[in-house]
Amino acid sequence: ETARESHTVPRQRWVWASVSARTHGRTRGLDLDLIMEVYRGRASCSNALVRPASVGAVSTPSRRSSRWRETTRRRRRLRAEEARATTTTLAAGEGEGDSDGSFDHVMMADLGTADLASLVASNKYKGWLLDQFGVLHDGKDPYAHAKDLVRHLAEDLKCDLVILTNSARLWPHTVRRLEQMGFDPKWFRGVATSGDVTNRVLQLGPGAHDEELLPRDHPLWADLSLPAGEQGRNRRCLHLLWREHDKENGIDLEALGIDVTEDPHMADFVLVHWFDSLALEDGTLRPVSREEISAMLAECAKRELPMLVANPDIVAHKGDKLLPMPGSLAVEYAELGCPAEKIHLLGKPSPVVYNLAKTKFLSHLSKEEIIAVGDSLEHDIQGACGWRVDSAFITTGIHCDDLQGEECSIPEDAWCDPQELERLCREHNADPTICAEVFGLYDSRDER
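What comes next concerns the included structure. Remember, it's a predicted structure, so these values are computed and weren't measured experimentally. (Residues numbered from 1 in each chain as written. Predicted model: local features only at pLDDT ≥ 70, side-chain atom pairs only at ≥ 80, totals over all residues. Heavy atoms only, no water.)

Time to look at the overall build of the protein chain. The number of helices and strands found in the protein chain is 16 helices and 19 strands. If you sum the accessible surface of the protein chain, you get close to 19300 Å²; carbon and sulfur atoms cover 49% of it. (Helix = DSSP H or I, 4+ residues; strand = E, 2+ residues; numbered from the N terminus. Areas by Shrake-Rupley, 256 points an atom, 1.4 Å probe, with all protein chains shown as cover.)

What follows concerns helix 12 (residues 327–335). One full turn of an α-helix is made of 3.6 residues, so residues set three or four places apart face in the same direction. Turning to helix 12, its buried residues number three or more, namely Gly-327, Ser-328, Leu-329, Ala-330, Glu-332 and Tyr-333. Where helix 12 is buried, its residues meet strand 8 (235–241), strand 10 (269–272), helix 11 (290–302), strand 13 (307–309) and strand 16 (343–345). One or two steps after helix 12, the chain reaches Gly-337, where phi turns positive at roughly 110 degrees. (Buried < 20%, exposed > 50% of the residue type's maximum accessible area, 1.4 Å probe, protein only. Contact = heavy atoms within 4.5 Å.)

Pairing within the open sheet is parallel, and its 6 strands lie in the order 7-6-5-17-18-19. If you trace the sheet from one side to the other, it starts and ends with strand 7 (190–193) and strand 19 (434–436), each paired once. The sheet shows a mean angle of 20 degrees between the axes of neighbouring strands, taken without regard to direction. The pairing of strand 5 (residues 127–130) with strand 17 (residues 370–374) spans 4 bridges and is classified as parallel. Following the sheet pairing, Leu-130 is matched in strand 17 by Val-373. Together, strand 6 (160–165) and strand 7 form the strand contacts of helix 8 (residues 171–180), whose direction differs from that of strand 7 by roughly 125 degrees. (Pairing = 2+ DSSP bridges. Axes fitted to C-alpha atoms, helices over the stretch in contact; angles between N-to-C directions.)

Once that is clear, we can look at the side chain of Asp-390. Within the secondary structure, Asp-390 is located in strand 18 (residues 390–394). The class of Asp-390 is buried, set by a relative accessible area of 0%.

Now for the packing of aromatic side chains. Tallied over the entire structure, the rule returns 6 aromatic pairs. With centroids separated by 6.1 Å and ring planes inclined at 55 degrees, the aromatic side chains of Trp-128 and Phe-439 adopt a geometry described as tilted. Residue Trp-128 is located in strand 5, and its partner Phe-439 is located in the segment after strand 19; the two are separated by 311 residues in the primary sequence. Phe-439 carries the same exposure label as Trp-128, and that label is buried. Ring pairs connect the aromatic residues Tyr-125, Trp-128 and Phe-439, which therefore count as one cluster. Positioned over the ring face of Phe-183 is Lys-147, at 5.9 Å from the centre of the ring. The ring of Phe-275 has Arg-290 lying over it, and the distance from NZ or CZ to the ring centre is 5.6 Å. (Phe/Tyr/Trp six-rings, centres within 6.5 Å; stacked < 30°, edge-to-face > 60°. Lys NZ or Arg CZ within 6 Å of the ring centre and 35° of its normal.)

One can find Glu-368 in the loop between helix 13 (351–361) and strand 17. Residue classification places Glu-368 among the partly exposed residues on the basis of a relative accessible area of 38%. Here the alpha-carbon distance between Glu-368 and Arg-388, two residues 20 residues apart in the chain, equals 8.7 Å.

By size, the foremost hydrophobic cluster in this structure holds 64 residues, and its most contacted members are Leu-129, Leu-202, Leu-240, Val-270 and Tyr-333. Considering each element in turn, this core owes the most residues, 6 residues, to helix 13. (Core = buried A, V, L, I, M, F, W, Y, C linked by side-chain atoms within 4.5 Å.)

Attention now moves to the pairing of strand 6. Of all the 6 residues making up strand 6, 6 are buried; the element is thus mostly covered by neighbouring parts of the structure. The side-chain alternation of strand 6 yields two buried faces, one formed by Asp-160, Val-162 and Leu-164 and the other by Leu-161, Ile-163 and Thr-165. Two elements, strand 5 and strand 6, share 4 bridges in a ladder whose sense is parallel. The partner of Leu-130 across the bridge, within strand 6, is Ile-163. With helix 7 (residues 144–156) bridging strand 5 and the parallel strand 6, this β-α-β connection has right-handed handedness. Across 4 bridges, the pairing between strand 6 and strand 7 is parallel. The residue bridging Val-162 from the neighbouring strand is Gly-190, located in strand 7. Between the parallel elements strand 6 and strand 7, the chain passes through helix 8 in a crossover that is right-handed. (Right-handed = clockwise from strand over helix to strand, strands pointing away.)

Moving on, we get to the side chain of Thr-261. Mapping Thr-261 onto the fold places it in the loop between strand 9 (258–260) and strand 10. A distance of 3.4 Å separates a polar atom in the side chain of Thr-261 from a polar atom in the side chain of Glu-281. For Thr-261, the residues in contact, after removing those within four places along its chain, are Arg-236, Cys-237, Leu-238, Met-266, Ala-267, Ala-279 and Glu-281. (Polar contact = N/O pair within 3.5 Å; in protein donor to acceptor, adjacent residues only side chain to side chain.)

It is worth spelling out the pattern of salt bridges at this point. This structure, assessed with the given rule, holds 20 salt bridges. The residue Glu-230 makes a salt bridge to Arg-233 at a minimum N-O spacing of 2.6 Å. Glu-230 gets classed as partly exposed once you look at its relative accessible area, which sits at 33%. Among the residues examined, Arg-233 registers a relative accessible area of 22% and is labelled partly exposed. Residue Lys-247 is joined to Glu-254 by a salt bridge in which the shortest nitrogen-to-oxygen separation is 4.0 Å. On the accessibility criterion, Glu-254 (65% relative accessible area) is exposed. (Salt bridge = Lys/Arg side-chain N within 4 Å of Asp/Glu carboxyl O.)

Written out as structure tokens, the structure is:
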């Protein structure tokens, strides 16, 4: 009757109910999505009795929405039979029948690491795109559970692991950082940073393009060209960066034939690596305040100068704190009136860094064999959805306070608020394939 009512009553969205019953010590859930398929004659009744009741009741998009149509096929792959059959954690809750049911929305309230363990055990994904901060470490210390899972994926399951990070520095800097934290560089097939993308893009001369990164007609290539009648001169940029030059791990604009200027009226584009200093024409750096930066950006926005952001993150972990990142300047620049098509994020969620990673390290795999892992809905998960690969959202990262309270405490019966999780996903237009508390088969924080 519930299925019949949901099928006939028009609603913008409908909610599937979880009806559980204890049978021989095992909990089963009734999946309304599958009941709907049974009602329409496209599935067997046994399939509707396989989802653990602990998933709880969550809202899903309407079957008539474009978001539903675009993501249904991707979500359905997740609940494959082998993913749950090989996991001891979930075995006690299994029901009879096949388990190819839809995974319509993954707002899981209290599964913890169990579903991630199931996914890993299936060995479905041969390529893993891993974020750093909030997934592998907190900016200061590594997560033991993440280190163990990385080793397991690389050594035992022979997966190809690629670090996909919005670091504005070049890839060797990331490798050294992870090695210092105890991650063996041999575990990773490679590293792709937004700093790598920035260097590769700016190595191209005015008017050039790189179709391995972005299509020929992408606005970025036109924005890096010189104005008509000014061909032959060096491009000029207003460059915001760190307290000191880092030509080895950051960028060497002089070697790339790009001049710097502190005058917004002389610049061809704005380049953002950080926000401590402004590069001057004589090769020195001048410390700048956020107020000074805002004033310069206001002048740049009046001219609609293109902005290249080498680190699109808005905030990032540093121990138990969240610190502002260069992506926050992109947000401010848009609020000052610069058109969105003039602001180029050279890392996640833009496809440019995903294309770089696949071209360099995962060209032998199809996108169906790749999963992206991250703690940012706006960057990691939205980026994965846009690039059309599956994704795992780590809920105890930068969204922890939103999902679990200010102290990031984990209630005994639920490790996140499913309603808040759904609200955040809709707000960021992000649709994770799976959610997990941490990137690990256990939570090493319990041992601290």
